[in-house]
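Listed below are the residues making up each chain.
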Number of protein chains: 2
Amino acid sequence: MKARDASPSAAEVAGAASAPALIALDWGTTSLRAYLFGAAGEVLAAHTSAAGIMNLPSAPEDGGFDAAFDDACGAWLAASPGLPAIAAGMVGSAQGWVQAPYIETPASAEALAAAVVRVSTARGLSIAVVPGVLEPGALPNVMRGEETQIVGALEAGDGDAGAPAVPQSALIGLPGTHAKWVVVEDGRIERFYTFMTGEVYAALTGHTILGRTMTLPAAPDAAAFARGVTVAREHGAAGLLATAFSVRTLGLTGQLAADEQPDYLSGLLIGHELAGLDAVLARRGLALRASAPKLIGADALCERYRTALAQFGCVNAQTVRHATERGLWNIAVRAGLVKPA
Amino acid sequence: MKARDASPSAAEVAGAASAPALIALDWGTTSLRAYLFGAAGEVLAAHTSAAGIMNLPSAPEDGGFDAAFDDACGAWLAASPGLPAIAAGMVGSAQGWVQAPYIETPASAEALAAAVVRVSTARGLSIAVVPGVLEPGALPNVMRGEETQIVGALEAGDGDAGAPAVPQSALIGLPGTHAKWVVVEDGRIERFYTFMTGEVYAALTGHTILGRTMTLPAAPDAAAFARGVTVAREHGAAGLLATAFSVRTLGLTGQLAADEQPDYLSGLLIGHELAGLDAVLARRGLALRASAPKLIGADALCERYRTALAQFGCVNAQTVRHATERGLWNIAVRAGLVKPA
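All values derive from a computational prediction rather than experimental measurement.

Calculation rules
- Residues numbered from 1 in each chain as written.
- Chains lettered and ligands numbered in written order.
- Predicted model: local features only at pLDDT ≥ 70, side-chain atom pairs only at ≥ 80, totals over all residues.
- Heavy atoms only, no water.
- Pairing = 2+ DSSP bridges.
- Helix = DSSP H or I, 4+ residues; strand = E, 2+ residues; numbered from the N terminus.
- Axes fitted to C-alpha atoms, helices over the stretch in contact; angles between N-to-C directions.
- Contact = heavy atoms within 4.5 Å.
- Buried < 20%, exposed > 50% of the residue type's maximum accessible area, 1.4 Å probe, protein only.
- pLDDT = per-residue confidence, 0-100.
- Expected span 1.5 Å × (residues − 1).
- Arc of directions from axis to C-beta.
- Least-squares fit on C-alpha atoms with pLDDT ≥ 70 in both.
- Domains from an automatic or database assignment.
- Parallel < 35°, antiparallel > 145°, perpendicular 65-115°, else oblique.
- Left-handed = near helix turned anticlockwise from the far one by under 90°.
- Nonpolar A, V, L, I, M, F, W, Y, C, P; charged D, E, K, R; others polar.

Engineer: Kindly report on the sheet that holds strand β1 (residues 20-27) of chain B, identifying the contributing residues and their values.
Structural biologist: Residues and elements named next belong to chain B. If you walk across this open sheet you meet the six strands as β3-β2-β1-β4-β7-β6, and the pairing is mixed. Across the chains shown, the open sheet's two edge strands, defined by having one partner strand only, are β3 (43-49) and β6 (117-120). If you compare each strand with its neighbour and ignore which way they point, the axes differ by 25 degrees on average. Its contacts with the sheet put helix α1 (residues 64-79) on β1, β2 (32-38), β3 and β7 (126-129), and the angle it makes with β1 is roughly 150 degrees.

Shown next as structure tokens:
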């Protein structure tokens, strides 16, 4: 399958003839990605900025959300006034533009579309904000933004012959700062797990003794990464608090070079994540090795997870692309914001 | 047993009549504790400063170690010139005053004493620096400073009727930044495990999203701590990367107040540490619940561990006091630096 960037270039959409039909926003903590869709659901244009909800051009009370929105979409709206608009991600959190309360699991695309919350821009445009999903319980879980990607992944294959079809029951992994693993049954988000893998990696490398002896390698070190995964898988019984110290002791004893340590630690953390996932899946009669998970995320990170999953006997993981755009379009259609051509 | 500070006050040693016989230093990364011993092994005076090896009054190449040593012990040496001196801790590391190479497990007090390395002060005094201990293997482990405390704990009971006697085979826990759990057999350090519990707690609270919603309680919250331990013990299968996120989701869903979150996370981390310890002990045919571990560390922290251990069915944990001073004296005697009166 040909690797494609998540944001099709103007050249890729040059053949598109349909008129602008929808503005869609993937608005997270640290970035804002805006898409202009044509009536057939194709991306006509995209705009990415660092104006995440914690990084707005001005404070929320000083119109920071409006300013960021105008910067991203103002030209599109000038050319096509009154376009419908949809947004997903942390923009709907308590710290966002408007709070779109979580809906509970099991959560379908229909339920998400029915629960969108509206916010009006300073110029009077109404934006539909997609809710997050809450799995209640003794240890609750929450997602915000990923639900839209999952809807998109479940639709994958539409209009993209190269994309793998995702069955309506699937295990979906979304690596990142707060990695999610989501069990989808009959097209609904049934339950999910959050692993703070990316954020803990940053905290350990930036703010503990482990980072002090590390140097960044010239290129990612696949062998060091695989070694970390192996240690977590085979020697992980004592848990991450113990295995993490091996970065230091292997370094002190000359068994792990300074520039091997970052990828080794990355493998260690992802290995613990997958071992933990395997353990909780087992309680439900599922096995990672028997699953064919779909991965949503940056290509290089998904590839890292694919190699780690293979160590757990799971060799059928596939990366799903354009899940975010597909999900935003899908929910917009279900919410009646736009009718597909 | 009456709680006693690790550094006996002048009043406590007022009855001591013997002359100064030894200077002993517990010199770590962030603090320097100096003791003046009498010939019977009693502490005559103590001096504590923040002049750890990473916090010297001047750079090492500008005489920083000498300056810190003079500040701590200069008055004692002026009154009793030529006293023998011993030091343990990070002062013997590659970043220390002199490198005292690790000795390997199994490590006895005799072996530690035989491997001390000498460094001369600018004034010509010779200080014997105790080596650390290395457990070689696929995942090596190291300690530096704790070996001396363990020697002291194995001697506990001498001269202190209130202190519990530690059998020559024991499980010894040393909570802290890098918590150690040490298996002692026949008086020798056979193997040990390091858990980065304290440092990970600081990194998670200071440098991840978990810290953002926390407020410090007016007093330690024992119930929140116990709840964290329970979650790690009963719902910890997914691992720390997953359970840590419950600080946030329990907060978001109104089930964990902001000022409960610090102690809840502390309980979670210590619970994962003990669950991991239990798992690795089980592979050796040992069980935490059947053990009577000795704890070395600050009273409040040891008490925290005792309550957590009780959740794992381990109700016989005891805190050992004055382990550092006892260990320094013991190794000094074995190294021939001083003859006990």
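Engineer: Tell me about the pairing of strand β1 (residues 20-27) of chain A, and please be specific about residues and values.
Structural biologist: All names here are of chain A. Summarising burial for β1: seven of the eight residues are buried, a large majority. Summarising the sheet, β1 and strand β2 (residues 32-38) pair through seven bridges and their orientation is antiparallel. What sits directly across from Leu25, in β2, is Ala34. Taken together, β1 and the strand that follows it, β2, pair antiparallel across an intervening segment of four residues. As defined by bridge partners, β1 adjoins strand β4 (residues 85-88) across four bridges and the pair is classed as parallel. Residue pairing across strands places Asp26 opposite Ala88, the latter belonging to β4.

Engineer: Would you mind going over the confidence of the model for chain A in detail, with residue names and values included?
Structural biologist: All names here are of chain A. Per-chain confidence: chain A averages 92 in pLDDT, with 91% of residues scoring 70 or above. A low-confidence stretch, residues 1-14 (pLDDT under 50), is modelled with 26 contacts involving residues beyond four sequence positions or located in other chains. Contacts for the low-pLDDT stretch residues 157-162, under 50 throughout, to residues beyond four places or in other chains number eight contacts.

Engineer: Talk me through helix α10 (residues 299-311) of chain A; I want residue IDs and the actual numbers.
Structural biologist: Residue and element names in this part refer to chain A. End to end, α10 covers 19 Å across 13 residues, agreeing with the expected 18 Å (1.5 Å per residue, within 8%). Restricting attention to buried positions, one finds in α10 the residues Cys302, Tyr305, Ala308 and Leu309. Down the axis of α10, the buried set is contained in an arc of 120 degrees. They therefore lie on one face. Taken from the residues just after α10, Gly313 is the one with a positive phi, measuring 80 degrees.

Engineer: A description of the relation of the copies chain B and chain A should follow, citing residues and the corresponding values.
Structural biologist: Overlay of chain B on chain A (RMSD 0.0 Å): rotation 180 degrees, translation along the axis 0.0 Å. Taken together, these values place the two copies in the relation of a two-fold axis. Rotation axis and chain B: the residue whose C-alpha lies nearest the axis is Ala203 of chain B, separated from it by 2.9 Å. When the interface residues of chain B are mapped onto chain A, 100% of them again fall at the interface, so both copies present the same face.

Engineer: Which residues make up the domain arrangement of chain A, and what are the values?
Structural biologist: One can read the domain layout of chain A as domain 1 (20-162 + 324-334) and domain 2 (197-319). The distance between the C-alpha centroids of domain 1 of chain A and domain 2 of chain A comes to 31 Å.

Engineer: Can you lay out the packing of helix α9 (residues 261-282) of chain A against α10 of chain A for me, pointing to particular residues and giving the numbers?
Structural biologist: Residues and elements named next belong to chain A. Closest axis-to-axis distance for the α9/α10 pair is 10 Å, and the angle between their directions is 60 degrees. By the angle between their directions, the pair α9 and α10 is classed as oblique. In terms of crossing hand, the pair formed by α9 and α10 is right-handed. On α10, the residues touching Asp263, Ser266, Ile270, Glu273 and Leu274 of α9 are Arg304, Tyr305, Ala308 and Leu309. Its residues placed into classes, the contact of α9 with α10 shows five nonpolar, one polar and three charged.

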